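# Structural characterization, general
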Amino acid sequence: MLNLFNLKRLSWGNNDTDDGKQKVALSATEVESIRSELADLEEREAHLKARLEHVDEILRSARLSGYLQMRTRWTALPGEPAPLDDSEVDDWLPRFVVLQGPCIFLYFVSTDLSPQDSTLLSDVVEVGRMPCHTQEDDDARYHFYIVTRQGLRYECSSASKLQVDAWVATLQDECKLGSDSTTLDHLSDTSK
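Here is a short report on the structure shown in this document. Quantities reported herein were computed from a predicted structural model and do not represent experimental measurements.

### Quick notes on the pairing of strand β6 (residues 140-148)
Within β6, eight of the nine residues are buried, leaving the element largely enclosed by the surrounding structure. By the bridge criterion, eight bridges tie strand β5 (residues 124-134) to β6 in an arrangement that is antiparallel. Paired with G128 across the bridge in β6 is Y145. Linking β5 back to β6 in an antiparallel pair, the connection comprises five residues, with D138 at a positive phi of about 60°. Of the strand pairs in this sheet, β6 and strand β7 (residues 152-158) are connected by six bridges, and their pairing is antiparallel. Pairing of F144 across the sheet is with C156, part of β7. The antiparallel hairpin formed by β6 and β7 contains three residues in its connecting segment, where G151 sits at a positive phi of about 95°.

### A few points about helix α1 (residues 28-61)
Between its first and last C-alpha, α1 extends 49 Å over 34 residues, near the 50 Å set by a 1.5 Å rise per residue. Structurally, α1 contributes buried residues whose contacts are with β2 (93-100) and β3 (103-107).

### Here we look at the sheet that holds β6
Hydrogen bonding along the main chain pairs the strands of a sheet, whether they run parallel or antiparallel. A sheet is described by the order of its strands in space; here seven strands give the open sequence β4-β3-β2-β1-β7-β6-β5, paired in antiparallel fashion. Each edge of the open sheet carries a strand with a single partner, namely β4 (117-120) and β5. On average, each strand axis in the sheet is inclined to that of its neighbour by 30°, with strand direction left out of account. Across the sheet, α1 touches β1 (64-74), β2 and β3, and the angle it forms with β2 is around 60°. Relative to the sheet, helix α2 (residues 161-174) contacts β1, β2, β3, β5, β6 and β7, its axis offset from that of β1 by approximately 75°.

### As for the side chain of E30
Mapped onto the elements of the fold, E30 is located in helix α1. There is a polar contact of 2.9 Å between the side chain of E30 and the backbone nitrogen of S27.

### Observations regarding the pattern of salt bridges
Tallying each qualifying case throughout the model produces ten salt bridges. The partner of R71 in a salt bridge is D91, with the nearest N and O atoms 3.2 Å apart. Taken together, the residues R71 in strand β1 and D91 in the loop between β1 and β2 connect sequence positions 20 residues apart. Classification of D91 as partly exposed rests on a relative accessible area of 27%. As a salt-bridge pair, K161 and D165 come within 3.2 Å of each other at their nearest N and O atoms. Of this pair, K161 and D165 both sit in helix α2, separated by four residues, roughly a single helical turn. Taken together, the shared-partner salt bridges in this structure form one network comprising R71, R73, D91, R153 and E155.

### Some points on the nonpolar core
If you look at the biggest cluster of nonpolar residues, it comprises 22 residues, and the most contacted ones within it are I104, F144, I146, W167 and L171. Sorting the residues of this core by element identifies β1, β2, β3, β5, β6, β7 and α2 as the ones contributing at least two each. With four residues, the top contributor of residues to this core is α2. If sequence neighbours within four positions are ignored, W167 has contacts with L64, S65, G66, L68, V97, V98, L99 and F144. Of all hydrophobic cores here, the second largest spans seven residues; its members include A62, V98, F105 and Y107.

### Considering the packing of aromatic side chains
Within this structure, the stated rule accounts for one aromatic pair. Over the ring of Y145 we find R153, and its NZ or CZ is 4.3 Å from the ring centre.

How each quantity is defined
- Residues numbered from 1 in each chain as written.
- Predicted model: local features only at pLDDT ≥ 70, side-chain atom pairs only at ≥ 80, totals over all residues.
- Heavy atoms only, no water.
- Buried < 20%, exposed > 50% of the residue type's maximum accessible area, 1.4 Å probe, protein only.
- Helix = DSSP H or I, 4+ residues; strand = E, 2+ residues; numbered from the N terminus.
- Pairing = 2+ DSSP bridges.
- Expected span 1.5 Å × (residues − 1).
- Contact = heavy atoms within 4.5 Å.
- Axes fitted to C-alpha atoms, helices over the stretch in contact; angles between N-to-C directions.
- Polar contact = N/O pair within 3.5 Å; in protein donor to acceptor, adjacent residues only side chain to side chain.
- Salt bridge = Lys/Arg side-chain N within 4 Å of Asp/Glu carboxyl O.
- Core = buried A, V, L, I, M, F, W, Y, C linked by side-chain atoms within 4.5 Å.
- Phe/Tyr/Trp six-rings, centres within 6.5 Å; stacked < 30°, edge-to-face > 60°.
- Lys NZ or Arg CZ within 6 Å of the ring centre and 35° of its normal.

Everything listed is a geometric property; what it means functionally is a separate question.
Next comes the structure, spelled out in structure tokens:
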């Protein structure tokens, strides 16, 4: 690419044509290099357009979507000791979460073409709020969890209480689960 713009190869003189444009002499390899780069750029543009159309389709058809901080845990099986308290472990990762059709889809970023993970709503056995936590920078984080029949527990977090409320209400409604908002709202308000 740098050889293309080499000053020795380009003619910069006043060789004006009749219409006021300058001529630039390029070798056949330079022309082929430019064509190859244009083809690569067109391919990249097509790929990015496909990703954009995919995101647009997801956002149009999703009942709920947005970025949440997430981590996963396995619930203890009967007879197993209770899990260790890992509340001090900072293993929260940002995920783009989409509630679409009968599934919850987890993407690394919103422009990913395929999800990292998915869970059927029919497998969700419990959805509830967790106590609100204040971080070192005095920002409140609101939490909720989703438990599947396989024992996988998704813990989700957001700085927006409205976002957490929307997710909990929608998931409880879609999964036909009872609301636990009265007792856990009190927990989140007292922990501030």
